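Summary of structural features
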Amino acid sequence: MKNNCCKLKNTPRTPEMQKNLITRLNRIEGQVNGIKKMLEENRYCGDILIQLSAIEKGLENFGYIILQDHMNTCMTEEIKNGNKEITKEAIELIKYLK
């Protein structure tokens, strides 16, 4: 897979989308901090596992939103420009989310 980590998106995210993504990350960050506090308070393992599950689900949903954005913008642009290899990248990215 081609490493595009240093490239900027051709189609910028809308301010609303950026705000939504940042809000989601802030929520996840709060949940992680909540687990730290639960450990410090020696809380019940089951309660910690429930919070951990919520974090995992939140990260998974965040990933799917980013993937959808990638497919709707970056990939669509690449396909329009004749790059059919971009679908291989999509398959690899989907594997990372599993």
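Structural notes, computed from the coordinates. Keep in mind the model is a prediction, meaning the values are calculated, not measured.

1. Considerations on the packing of helix α1 (residues 15-40) against helix α2 (residues 45-80)
Describing two packed helices takes the angle between their axes plus the distance from one axis to the other. One can describe the packing of α1 onto α2 by two numbers: an axis separation of 10 Å at closest approach and a directional angle of 160 degrees. As the angle between them shows, α1 and α2 are arranged roughly antiparallel. Read as a crossing pair, α1 and α2 show a hand that is left-handed. The class makeup of the residues in the contact of α1 with α2 is 16 nonpolar, 5 polar and 3 charged.

2. Here's the deal with α1
With 26 residues, α1 extends 37 Å between its outermost C-alpha atoms, agreeing within 8% with the 38 Å of an ideal straight helix rising 1.5 Å per residue. Among the residues of α1, Leu 21, Ile 28, Gln 31, Ile 35 and Met 38 are the ones counted as buried. Elements that come into contact with the buried residues of α1 comprise α2. Positive phi shows up at Asn 42, right after α1, with a value of about 55 degrees.

3. Overview of the pattern of salt bridges
Summed over all chains, the structure comprises 6 salt bridges. One salt bridge connects Arg 13 with Asp 69, and the closest N-O pair in it is separated by 3.3 Å. Remark: Asp 69 occurs in helix α2 and Arg 13 occurs in the segment before α1; sequence separation between them is 56 residues. Note that Glu 41 and Lys 37 form a salt bridge whose closest N and O atoms lie 3.9 Å from each other. A cluster of three or more residues bridged by salt bridges with shared partners is formed by Lys 37, Glu 41 and Arg 43.

4. Some remarks on the side chain of His 70
Here His 70 lies in helix α2. Using a relative accessible area of 16% as the deciding quantity, one classes His 70 as buried. With residues up to four places along the chain from it excluded, the contact list for His 70 reads Met 75, Glu 89 and Leu 93.

Rules of the game
- Going along each chain's sequence as written, the residues are numbered from 1 onward.
- Only residues with pLDDT of at least 70 are given local features in this predicted model, and only at 80 or more are side-chain atom pairs given and counted; all residues enter the totals for whole chains, interfaces and linings.
- Hydrogens are left out, water is left out, and the side-chain values use all remaining heavy atoms of the structure.
- For helices, the axis comes from a line fit to the C-alpha atoms of the stretch in contact; other axes are also lines fit to C-alpha atoms, and the angle between any two N-to-C directions lies between 0 and 180 degrees.
- What counts as a helix is a DSSP run of H or I of at least four residues, what counts as a strand is a run of E of at least two, and both are numbered from the N terminus.
- Angles below 35 degrees are treated as roughly parallel, those above 145 as roughly antiparallel, those between 65 and 115 as roughly perpendicular, and all remaining angles as oblique.
- We call a crossing left-handed when the near helix sits turned anticlockwise from the far one by less than a right angle, and right-handed when that turn is clockwise.
- Under the convention adopted here, Pro, Cys and the residues Ala, Val, Leu, Ile, Met, Phe, Trp and Tyr are nonpolar, Asp, Glu, Lys and Arg are charged, and Gly plus all remaining residues are polar.
- Helix span, expected: 1.5 Å multiplied by one less than the number of residues in the helix.
- The buried label goes to any residue with under 20% of its type's maximum accessible area, the exposed label to any with over 50%, and the partly exposed label to all in between, with areas taken from a 1.4 Å probe on protein chains only.
- Here, two residues are considered to be in contact whenever any of their heavy atoms come within 4.5 Å of each other.
- Put simply, a salt bridge is a Lys or Arg side-chain nitrogen that is within 4 Å of an Asp or Glu carboxyl oxygen.

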